[in-house]
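An overview of the molecular structure
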Amino acid sequence: ARAPDPRTARSRVAMLLRYIANARVDAVVGGIDGSSRAACHANTNHAPHVGASRARCAQVHSYAYTSPTPSMFETLFLERWWTYVVERWIPLWVAPNALTCGGLALVACAYGLLWMTSPGLAHDAPGMVYALVAVLMFSYQTLDGCDGKQARRTRSGSPLGEVVDHGCDAACTCVYGIILCDIVGIGYDASALNRAMCVGVLTMGRVFFAVDTVSSTYTGRLPVNWFDVQEMQICLQVFMVVIAFTGIEFMYDITAHVPYLGTQPLAYVLVGASILSGLQVRSTTAYRTLVANPVKPPHWPAHRSPMAIVAYCAVNELFHGVCLFYAKNLALAHAASTMLFAESETRIMSIRVSDPNFPLTNWLSLAIMACTTLVPEGDVFTSGVLIGAALFLLLNRAASLSAQITGCLGIHSNIFVLRPKQD
């Protein structure tokens, strides 16, 4: 039998993505998709591409990446580890976006493994599962730190790379929320209070990420504190390895007195402290970068208020939280919500990198989340339809944005292929 030609498989995938990009979702939710093509206003040859207009092409070409300040663990060892991995193990022909998406694939494996072994988020998985999840998440963190170094090494950095990286990080933020709920054994179905705690952890983590997205989109630089996301990831990974051998009983044997709440187990105290500290840090970040910042970035459209976008993100995530609370099938609702969150964050990034007037609200996304509350537990068909619809919206936004940026910058339309930019 003749072996399948990988080039044929790639062409079929590319054709499928073009169909998704041209689906005219913009007719329902606004913005642009792959069906809108016009002559470029930035390239010298004026080659037509998706979403071309004078304002959009100027926005694409105004993009300039500014590295954030290194955090504590980055300064101590992570930067050196990432540099070693890139220089020692990653060939020059590997595209940075391949590293980013490869890391996301590892997170998806950890996500599926945790749902299969502990569907009630009550720490029911075997100990070695948590050790394996820790290894997968550290591998994702490594690839996530290497993609930027590979982009500089191959001189292939572009606004699309930052959007891909941020979209994958958005999905991973949702997964880390599930991991935190499970490793402390909250238990989604234990009681209404436990369910509310789970939803609170998931929702607040997403709100914090959205605040950082708006701040980085507005200022052009991701706000990073001395103890930030990288440190929290390492702490969670180490904790997962520890409880793989010790279990979590000690977190419920040890108690502490909490004002107004009385005596609470250590697990609940740690979760509450994490939420409160995150709220304080992100509130300070939002005020410093969006309100008290005297410099008005030239790339930001004057008619769009960054604090209004923060408020929109908070309301949108609260709506998702309500849907998660009332969902009869949490795994379905969370999987759909994760994809829709990544799509929503990509919309925010589009304001910075591709279209200053891009609309934020996606009514189809809200409809899908509302429908997840109606799906009975065990209904595989309807669950698959809703997850497929959420994935379709994410791919439509990603494929359309990719076609716009690659066309405007004159780089290869396949984001996993390296090719020098055209003048």
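This text goes with the structure placed above it.
The following refers to the structure shown. Within every chain, residues take consecutive numbers counted from 1 along the sequence as written. Given that this is a predicted model, residues contribute local features only at a pLDDT of at least 70 and side-chain atom pairs are listed and counted only at 80 or more, while totals for whole chains, interfaces and linings are drawn from all residues. For side-chain calculations, the full set of non-hydrogen atoms in the structure is used, while hydrogens and water are omitted.

**A word on the overall build of the chain**
What counts is decided by this rule: The helix count covers DSSP runs of H or I at least four residues long, the strand count covers runs of E at least two residues long, and both are numbered beginning at the N terminus. Our radius of gyration is a C-alpha quantity, and the globule rule it is checked against amounts to 2.2 Å times the number of residues to the power 0.38. Accessibility here uses a 1.4 Å probe with only protein chains present; expressed as a share of the type maximum, an area under 20% marks a residue as buried, one over 50% as exposed, and anything in between as partly exposed. Two residues qualify as a contact provided that any one of their heavy atoms is within 4.5 Å of a heavy atom in the partner residue. Where accessible areas are quoted, they stem from the Shrake-Rupley method and a 1.4 Å probe; at the residue level, only the protein chains shown are allowed to cover. This count recognises Lys and Arg as positive and Asp and Glu as negative, with His and chain-terminal groups excluded. Here the site of a charge means atom NZ of a Lys, CZ of an Arg, CG of an Asp or CD of a Glu.
When its secondary structure is counted, the chain shows 15 helices and 4 strands. Whereas a compact globule of 423 residues would reach a radius of gyration of roughly 22 Å, the chain reaches 22 Å, a difference of no more than 12%. Taken along its principal axes, the extent of the C-alpha atoms in the chain is 70 × 60 × 45 Å. The buried share among the 423 residues of the chain stands at 49%. Restricting the contact set of the chain to residue pairs at least 6 apart, pairs at least 24 apart contribute 75%. Of the accessible surface of the chain, which amounts to about 19,900 Å², a share of 67% is contributed by carbon and sulfur atoms. Considering the chain, the positive charge centre built from 28 side chains and the negative charge centre built from 26 side chains are found 12 Å apart.

**Looking at the packing of helix α13 (residues 330-353) against helix α14 (residues 363-372)**
To be explicit about the condition: Axes, fitted as lines to C-alpha atoms, cover a helix only where it is in contact. Angles between the N-to-C directions of the axes lie from 0 to 180 degrees. Angular relationships are summarised with four words: roughly parallel below 35 degrees, roughly antiparallel beyond 145, roughly perpendicular across 65 to 115, and oblique for the angles in between. Note on residue categories: nonpolar means Ala, Val, Leu, Ile, Met, Phe, Trp, Tyr, Cys or Pro, charged means Asp, Glu, Lys or Arg, and polar means any other residue, Gly included.
Interhelical geometry of α13 versus α14 gives an angle of 170 degrees and a closest axis separation of 9 Å. The orientation of α13 with respect to α14, classified from their angle, is roughly antiparallel. Two secondary-structure elements touch here, α13 through Leu-332, Ala-333, Ala-336, Ser-337 and Leu-340 and α14 through Ser-365, Ile-368, Met-369 and Thr-372. Considering only residue class, the contact of α13 with α14 consists of 6 nonpolar, 3 polar and no charged.

**Some details on the pairing of strand β4 (residues 262-265)**
Within a regular strand, side chains alternate between the sheet's two faces. Note the cut-off: When DSSP finds at least two bridges between two strands, those strands are taken to pair.
Across 4 bridges, the pairing between strand β3 (residues 255-258) and β4 is antiparallel. Bridged to His-257 within β4 is Thr-263. Between β3 and β4, which pair antiparallel and follow one another directly, the connecting turn spans 3 residues, one of which, Tyr-260, has a positive phi of 70 degrees.

**Concerning the environment of Arg-304**
One can find Arg-304 in the loop between α11 (266-291) and α12 (306-326). For the pair Arg-304 and Val-129, spaced 175 residues apart in sequence, the C-alpha separation works out to 46 Å. The contact partners of Arg-304, leaving out residues within four places of it in the chain, are Ile-351, Pro-356, Asn-357, Phe-358, Pro-359 and Leu-360.

**A look at the side chain of Glu-343**
The topology assignment puts Glu-343 in helix α13. Setting aside its immediate chain neighbours within four residues, Glu-343 contacts Asn-362, Leu-393, Leu-394 and Arg-397.

**Re the pattern of salt bridges**
Threshold: The term salt bridge refers to a side-chain nitrogen of Lys or Arg lying within 4 Å of a carboxyl oxygen of Asp or Glu.
Overall, the coordinates contain 7 salt bridges when judged by the stated rule. Note that Arg-282 and Asp-212 form a salt bridge whose closest N and O atoms lie 2.6 Å from each other. Taken together, the residues span a long stretch of sequence, with Arg-282 in helix α11 and Asp-212 in helix α8 (residues 192-219) at a distance of 70 residues. By relative accessible area, which is 9% here, Arg-282 ends up buried. On the accessibility criterion, Asp-212 (8% relative accessible area) is buried. For Arg-282, the salt bridge is made with Asp-228, and the minimal N-O distance between the two is 3.1 Å. Of this pair, Arg-282 sits in helix α11 while Asp-228 sits in the loop between α8 and α9 (229-246), placing them 54 residues apart in sequence.

**Examining unusual backbone geometry**
Phi is positive for Leu-121, which is not a glycine, with a value near 55 degrees. As for its position among the elements, Leu-121 is in the loop between α5 (96-117) and α6 (127-154). Even without being a glycine, Arg-155 presents a positive backbone phi close to 55 degrees. Mapping Arg-155 onto the fold places it in the loop between α6 and α7 (159-183). For Arg-155, a relative accessible area of 77% translates into the label exposed.

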